[in-house]
Amino acid sequence: MAPEEGGLGRKITIGVCVMEKKVFSAPMAQILERLEAFGEFEIICFGDKVIVEDSIESWPLCDCLIAFYSSGYPLEKAEAYAALRKPFLVNELEQQHLLHDRRKVYERLEMFGIPVPRYALVNREVPCQELDYFVEEDDFVEVHGMRFWKPFVEKPVDGDDHSIMIYYPSSAGGGMKELFRKIGNRSSEFHPEVRRVRREGSYIYEEFMPTGGTDVKVYTVGSEYAHAEARKSPVVDGVVMRNPDGKEVRYPVLLTPTEKQMAREVCIAFRQAVCGFDLLRCEGRSYVCDVNGWSFVKNSHKYYDDAACVLRKMFLDAKAPHLSSTIPPILPWKVNEPIQPCEGLTRQGSGIIGTFGQSEELRCVIAVIRHGDRTPKQKVKLKVTEERLLNLMLKYNGGRPRSETKLKSAVQLQDLLDATRMLVPRTRTGRESDSEAEDFEHAEKLRQVKAVLEEGGHFSGIYRKVQLKPLKWVKVQRSNGEGEEERPIEALMVLKYGGVLTHAGRKQAEELGRYFRNNMYPGEGTGLLRLHSTYRHDLKIYSSDEGRVQMSAAAFAKGLLDLEGPLTPILVSLVSKDSSMLDGLDNASIEMEAAKARLNEIITSSVKPENGNGLSEFPWMVDGAGLPSNAFQLLPKLVQLTKKVTEQVKLLVMDEDEKLSSTGSYDVIPPYDQAKALGKTIIDVDRIAAGLPCGSEGFLLMFARWRKLERDLYIERKERYDITQIPDVYDSCKYDLLHNAHLNLEGLDELFKIAQLLADGVIPNEYGINPMQKLKIGSKIARRLLGKLLIDLRNTREEAIGVAELKNNQDEHTKPTKAAKDDTDYQLKPQTKNDDGRRSSTTSEKSMDQDDDDDKETKYRLDPKYANVRTPERHVRTRLYFTSESHIHSLMNVIRYCNLDESLQGEDSLVCHSALERLYNTKELDYMSYIVLRMFENTEVPLEDPKRFRIEMTFSRGADLSPLEKNDSQAASLHQEHTLPIMGPERLQEVGSYLTLETMEMMLRPFAMPAEDFPPPSTPQGFSGYFSKSAAVLERLVNLWPFHKHGHANGK
C-alpha cells in the first residue's frame, strides 16, 4: 500500500528506477547523498535484476520516481509501473521515446518555437534507395529544393547513432570529419578522401554553424534552473582536452536571458525536468541542435548542491506542500569540502610579459599578418580555336556565345582536363620550320595547361582557376533550321595557378601561432589556452579570399590554440572570410600605376631623383628611396642570368622527355596529393631524393615559370625592360634557392643577389614613390581594415569601462537586500525591451559593423560563481587579420606617415625616429610579417583619464632571412627543412613612451572607413525576441563579470 503523503514522522520515498551503471555514477551518487542528508527522504534503488527480470507489481512502492532510459533499459515496463502506482515523475516517461529519433526532437523543438539550425530530412525505406527529391553535387546537396552548401552536417535520424559527419567544401580542401562518442582522447576523425555523402540510411542534413571552436552543454534541473558548460568542440581537431586527472576540461559559462528561456522551453517541451541539451552559439544567436534527456554535470560540487536543493523543493512541492521548502542557512552535508584544485591543461602554457595583474591589464591584441611561404604565382594565356574547348565554354556559360566562363569546380576542371588530354599531341616533335613556330608554341601551352590540371592528384578550387573569354564569332544556321545564331570561333584561355601555401608556409604559420600563444598573453598557468577555454578570450580570425591566406590563418590558429590534425576543419570552424576588407587593390589601381611609371622613369634615366618634400635629412623622404644607384646597370645582368637559369631548367625538361619517350609513359613524376599535403609541415623526402622539384611542381611547369620571366623581363623587339617583373624574378629565385637547392642551378645565387637588390627598391615603391604617395595609396587599400581596427579598439574600451563602472557600483552596495534587488532589476530590464528588437533581414552577408560586434562578440562569458579561476574578470579580445603583402605595406605606410597629412600638421609620427630608420632599412615585409597593436588598461587611473588606455605597437619583418645565409645557426637547421625562421617583433615606439588610445584614434581616423559606413548587422529571418541595442548593452554589462554575490539559486 502506498504511504500516506506527507505523513508526520514519515519520510518521502524516492524510487530510483534506472540501470545500476547510472545509479553508481559520481554525479548521481553525490546528489542522492545530499538528498538523504536533508533527512526528509528515503532513497530506494530498484537495481538491474528488479527492473529487467521482476514484474512491475513486485517493484518497490515510492512517492516520487526517478526513471530514465539508457542502454538495455525497458522503458515500456517503467511506463506501465508509473501508470499502475502513479508516483510523481521527475522526468515523464512517454516523452523519452521522442529522444531516440532526431526527426521528432527537431519537430518538437520547432513546435515550441525553439530555434534549431536550418535542416531537411532524407528518409529512406531501404538502404541506398534512390530519391528523386535528393540531389548531390560537388559542393552541395539539395533536399526538396532546399540547398545546403558545404560545410554541412549529416546526422543519422536514430538518436542513439552518434556517427555524425561534416562535409567540407573543395575551396577549403574538401574531405569529411566524423564525430563520435569519445574514445580515449579522440572525439572525431578527419577523412580527406571522403567527399560523397552516405546513402545507406535516413539522415538529417543541416547547415554547419561556426561556433568559434566551442560547444555549450546546458543542464536543467526543473524549468527554472539551468547550468551551462563550454568545452572544446570536436569539430576542430577531435582531441579531447583533459586535466591532470584525466577528466575532460569544461568551464561553466553564463547563459543569456534568451538562452535561459530556451532551457525552460526544452524542459517543458519534452517534460523532462532533468535534461541536457547542446547549444550552438553562432553569429550572436543560439540554436538547440540535440536533446539528450537525463544528464548531470560532472565534477562540480556547487552544481551538486544546487541540484539537490532544486530536487528537494520539487519533491516537497509535489508530496508535502505544507512543509517549508526553504533552504536551511547551513546545508546539512559536509560543509568543509576540500577546495577543488585549479584545472591545468596538460600542454605547456605561456611566459609572462608586461605587468599583468598589477595596475595594468592586457585588454586587446590585434594582429595583421601576411600569409606564409608560397609557390610562385603563375598565369598561362593562350588563344584557343579547338571546338572541344569552345563547346566547353558554352556548356558552362549557359550557351551564351559572348559571355565569358569561369571554371573552378572539380567537375568543370575535370571536363577541361579531359578535353585538353585529347588535344595535346602524344609525341613532341621538334619544329621543322619557322612557319610552325606558332603551332609549336600553342601545343606547348596546351601541354602546360594539362600539366597544371594534372598537378596535385585531384582538384581543389582554391588552387586553380580558368577563364574562357570569347574573342571572335560567326553566324551559323540553327540546328532546327530556323534562322541563324552566333557561335564563337576563338576564345582567350587564362589559367591562373600557383601561389599555394607550401609545407614551409604551414610550418611558419603554426610556429608563429605558438609564439603568440606563449608571448602575447598574461601567464596565468597555461596563459592563452586557459583564457580561451574559460570564455575569457574573445577570438575572431579573418582572412582574405585567397587559399594561401586562409590556410595560413588555419595553421596559425592550430598553433595558437594548441590544436592537432588537418587544417580543413580548423579553417571552417574558426576562420571567417572577408574579401572586401583584406583583398584587392582596385581602389588604388590608378595611383599604383602612376607610381610604377615614375619608378620606371627613375630606374631607366640617369637623373638622380629629387626630394620633393623639403626634408632631405631623412633618406626615406626622397622619390624612389631604397633603389640602388646603379639600378639601370644591374638590369642587363639580371636578364643574362635569368636566361642562364632558364636554359638549365630546359635541359632538365628535355631529360624528362627522353625518359617519357623511352618508357612510353607520361606519368614519370610521382603523384602529389595536394589535399593530403594541406596539413604537412615537412618536405617530401622521396621527391627530393629522386632529383625532382620540391612540392607538386614538375620540370615542365618549372621551365614554363622561368621561360615566362625571361620573355617578360626584357622585350627584345622593343628593346625595353619591364621593371614590374623584378619582384617575380626575385620571388622565383628565392623559392628555388629555398626549395630546389638540390637541383644545383648554376648562377641562381648571383641572380638572387641582384634581384634582391632591385626588388628591395622596387617593391616598397610600388605602393607609393614617396611618403605622401605611400600614405594616399595605403589609405585607399587599407581604409576598411583601418576602420575595423578602430572599431575593435573602441569596443574593447567601452566594454572595459562598462565592467569597471559596474564593479564600482557593486562595490558601493553594502546591504545584501539592495544588491539582490539590483540583480533582479538588471535581469528583468533586458526582457522588457524584447518587443522592439531589430528588424529581420534575409541577407546572410557577414557584417563588420561595430554594433554587430557589440551584439555578437561580448555576450558570452565565464560564470565566476562556478568557475575555479583566480581572475574571472580578466578578459582579452583578440582579432587576427590574415592578408597579403599589399595590405601589410599599406597599413604600415599609414601608421608611419599619417602625421604628414594636412589635417594632422604639427603632430608627431606614431612611429619613433629610430623605428622609421629601421623600417627604411627593412625594405621587405616578408612571409609571415605582422603588425601588432596591443591595448592595456591601467586600472589605477580614473576612467575619464586618456592614460587609462595605452597602445603598444610592434612589427616583424617576417621570414626575412636570405636563403643564402650560412652563418645563422637557426637558419642552418631550418635550411634542411626548406623553412626560414620568422624574425622577432620590433618596437615602433621608444621604450617608456606612452601612446594613448585617444591619440591613436585621432591620427588614424582621417584614413579609416567611418564606423557608420559599415553595413548594418543582419538578423536571420524567423528570429524574434532578441534585444534592442540598448537592452543588449545592458545585458552585456550585467552578464559580463557579475561581481554581485547575491544571485538567486536559479539565476544561472
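A quick note: this is a predicted structure, and the numbers were derived from the prediction, not measured.

A. Quick look at the overall build of the protein chain. Per the secondary structure count, the protein chain includes 31 helices and 32 strands. Relative to its full complement of 1052 residues, the protein chain shows a buried share of 56%. Here the protein chain displays about 45100 Å² of accessible surface, and carbon together with sulfur accounts for 49% of that area.

B. Focus on the environment of Glu-593. For Glu-593, the location among the structural elements is in helix α16 (residues 589-604). For the pair formed by Glu-593 and Glu-766, sequence separation is 173 residues and the distance between their alpha carbons is 8.2 Å.

C. Structural detail: a positive patch on the surface. Together, Lys-379, Lys-381, Lys-406, Lys-408, Lys-465 and Lys-496 line one region of the surface with positive charge. As for its placement among the helices and strands, Lys-406 is situated in strand β21 (residues 405-407).

D. Local environment of the pairing of strand β20 (residues 377-384). What you see with β20 is a clean split: Gln-378, Val-380, Leu-382 and Val-384 sit on the buried side and Lys-377, Lys-379, Lys-381 and Lys-383 on the side with no burial. Bridging between β20 and strand β23 (residues 484-498) involves eight bridges; their strand directions are antiparallel. Its bridge partner lying in β23, Lys-379 is registered against Lys-496.

E. Looking closely at the packing of aromatic side chains. Per the stated rule, a full pass over the model turns up 26 aromatic pairs. Plain terms: the ring middles of Phe-46 and Trp-59 are 5.8 Å apart, the flat faces sit at 70 degrees to each other, and that makes the pair edge-to-face. With Phe-46 in the loop between β2 (41-45) and α3 (48-53) and Trp-59 in the loop between α3 and β3 (64-67), this pair connects stretches of sequence that are 13 residues apart. With 5.9 Å between their ring centres and 80 degrees between their planes, Phe-152 and Tyr-205 make a pair best called edge-to-face. Of this pair, Phe-152 sits in strand β9 (residues 152-156) while Tyr-205 sits in strand β13 (residues 203-207), and the two are 53 residues apart along the sequence. Each of the two residues, Phe-152 as well as Tyr-205, counts as buried.

F. Looking closely at helix α22 (residues 748-766). The end-to-end C-alpha distance of α22 is 25 Å, a good match for the 27 Å that 19 residues give at a rise of 1.5 Å each. At Ala-759, α22 shows its strongest bend, of approximately 35 degrees. Where α22 terminates, the next one or two residues include Gly-768, which has phi positive at roughly 135 degrees.

G. Here's a closer look at the packing of helix α8 (residues 387-396) against helix α9 (residues 410-423). Between α8 and α9, whose axes approach to 10 Å, the crossing angle comes to 165 degrees. By the criterion of interaxial angle, the relationship of α8 to α9 is roughly antiparallel. By crossing handedness, the relation of α8 to α9 is classed as right-handed. In contact with Arg-388, Leu-389, Leu-392, Lys-395 and Tyr-396 of α8, α9 contributes Val-411, Gln-412, Asp-415, Leu-416, Ala-419, Met-422 and Leu-423.

H. Examining the sheet that holds strand β6 (residues 134-136) more closely. A sheet is described by the order of its strands in space; here three strands give the open sequence β6-β7-β8, paired in antiparallel fashion. Only two strands of the sheet have a single partner each, and these edge strands are β6 and β8 (146-149). Adjacent strand axes in the sheet meet at a mean angle of 15 degrees when their direction is disregarded. Sheet topology note: the β6/strand β7 (residues 140-143) ladder contains three bridges and is antiparallel. Paired with Val-135 across the strands is Glu-142, a residue of β7.

I. Quick look at the pattern of salt bridges. Summed over all chains, the structure comprises 61 salt bridges. With its nearest N and O atoms 2.9 Å apart, the salt bridge here joins Asp-278 to Lys-217. Of this pair, Asp-278 sits in strand β17 (residues 274-282) while Lys-217 sits in strand β14 (residues 214-221), and the two are 61 residues apart along the sequence. On the basis of relative accessible area, Lys-217 is assigned to the buried category, the value being 14%. In this structure, Glu-697 and Arg-705 form a salt bridge, with 2.8 Å as the shortest nitrogen-oxygen distance. Several salt bridges share partner residues, and in doing so they unite Glu-510, Glu-511, Arg-514 and Lys-558 into one network.

J. Expanded view of the nonpolar core. Tyr-881 and Met-953 are the most contacted members of the largest nonpolar core, which totals 47 residues. Secondary-structure elements contributing two or more residues to this core are β19 (360-370), α15 (579-582), α24 (783-812), α27 (885-897), α28 (913-922), β29 (930-938), β30 (949-956) and α30 (997-1004). Met-953 has contacts with Ile-895, Leu-910, Val-911, Val-932, Leu-933, Glu-986, Arg-987, Leu-988, Gln-989, Leu-995 and Met-1000, leaving out every residue within four places of it along the chain.

K. Representation of the state of the cysteines. One pass over the structure, following the stated rule, counts zero disulfides. Its sulfur unpaired, Cys-267 is 5.9 Å from the next cysteine sulfur, which belongs to Cys-275.

L. Local environment of the side chain of Arg-102. Along the chain, the position of Arg-102 falls in helix α5 (residues 102-111). The buried charged residue Arg-102 lacks any salt bridge, with Asp-290 as its nearest oppositely charged partner at 4.6 Å. Within polar-contact distance, the side chain of Arg-102 engages the backbone oxygen of Asp-158 at 2.8 Å. When residues no more than four places from it in sequence are discounted, the contact partners of Arg-102 are Lys-155, Pro-156, Val-157, Asp-158, Gly-159, Asp-161, His-162, Ile-164 and Ile-204.

M. Representation of the sheet that holds β9 in the model. In spatial order, the strands read β5-β13-β9-β10-β11-β12; together these six strands make up an open sheet with antiparallel pairing. Both edges of this open sheet fall to β5 (119-122) and β12 (186-191), since each of them pairs with a single strand only. Strand-to-strand, the axes of this sheet are offset by a mean angle of 25 degrees, without reference to chain direction. In the sheet, strand β10 (residues 164-167) pairs with strand β11 (residues 176-183) via four bridges, with the strands oriented antiparallel. Its bridge partner being in β11, Ile-166 is matched across the sheet by Lys-177.

N. Molecular detail of the environment of Leu-997. Within the element layout of this structure, Leu-997 appears in helix α30. Measuring from C-alpha to C-alpha, the distance between Leu-997 and Leu-790 comes to 9.4 Å, with 207 residues separating the pair along the chain.

O. Local environment of the side chain of Glu-924. Locating Glu-924 in the fold gives a position in the loop between α28 and β29. Lys-734 provides the closest opposite charge to the buried, unpaired Glu-924, separated from it by 4.1 Å. Separated by 2.6 Å, the side chains of Glu-924 and Tyr-730 make a polar contact. Non-local contacts of Glu-924, meaning those with residues more than four positions away in its chain, are made with Tyr-730, Lys-734, Asp-760, Arg-957 and Asp-960.

P. Up close: the environment of Phe-148. Tracing the sequence through the fold places Phe-148 in strand β8. Residues Phe-148 and Phe-208 lie 60 residues apart in sequence; the distance between their C-alpha atoms is 9.1 Å. Contacts of Phe-148, omitting those with residues within four sequence positions, involve Arg-118, Tyr-119, Ala-120, Asp-139, Phe-140, Val-141, Tyr-205, Glu-206 and Glu-207.

Q. Just the packing of helix α11 (residues 503-519) against helix α13 (residues 547-560), in detail. One can describe the packing of α11 onto α13 by two numbers: an axis separation of 6 Å at closest approach and a directional angle of 40 degrees. In terms of axis orientation, α11 runs oblique to α13. Considering how the two elements wind past one another, α11 and α13 form a crossing that is right-handed. From α11, Arg-506, Ala-509, Glu-510, Leu-512, Gly-513, Arg-514, Phe-516 and Arg-517 reach across to α13, where they touch Ser-552, Ala-555, Phe-556, Lys-558, Gly-559 and Leu-560. Of the residues belonging to the contact of α11 with α13, the class tally is six nonpolar, three polar and five charged.

What counts and how
Residues numbered from 1 in each chain as written. Predicted model: local features only at pLDDT ≥ 70, side-chain atom pairs only at ≥ 80, totals over all residues. Heavy atoms only, no water. Helix = DSSP H or I, 4+ residues; strand = E, 2+ residues; numbered from the N terminus. Buried < 20%, exposed > 50% of the residue type's maximum accessible area, 1.4 Å probe, protein only. Areas by Shrake-Rupley, 256 points an atom, 1.4 Å probe, with all protein chains shown as cover. Patch = residues over 30% accessible without salt bridge, like charges linked within 9 Å, V, L, I, M, F, W, Y side chains within 5 Å. Salt bridge = Lys/Arg side-chain N within 4 Å of Asp/Glu carboxyl O. Lys, Arg positive; Asp, Glu negative; His and termini not counted. Charge placed at Lys NZ, Arg CZ, Asp CG, Glu CD. Pairing = 2+ DSSP bridges. Phe/Tyr/Trp six-rings, centres within 6.5 Å; stacked < 30°, edge-to-face > 60°. Expected span 1.5 Å × (residues − 1). Bend = angle between axes of the 7 residues up to and from the residue. Axes fitted to C-alpha atoms, helices over the stretch in contact; angles between N-to-C directions. Parallel < 35°, antiparallel > 145°, perpendicular 65-115°, else oblique. Left-handed = near helix turned anticlockwise from the far one by under 90°. Contact = heavy atoms within 4.5 Å. Core = buried A, V, L, I, M, F, W, Y, C linked by side-chain atoms within 4.5 Å. Disulfide = S-S within 2.5 Å. Polar contact = N/O pair within 3.5 Å; in protein donor to acceptor, adjacent residues only side chain to side chain. Nonpolar A, V, L, I, M, F, W, Y, C, P; charged D, E, K, R; others polar.

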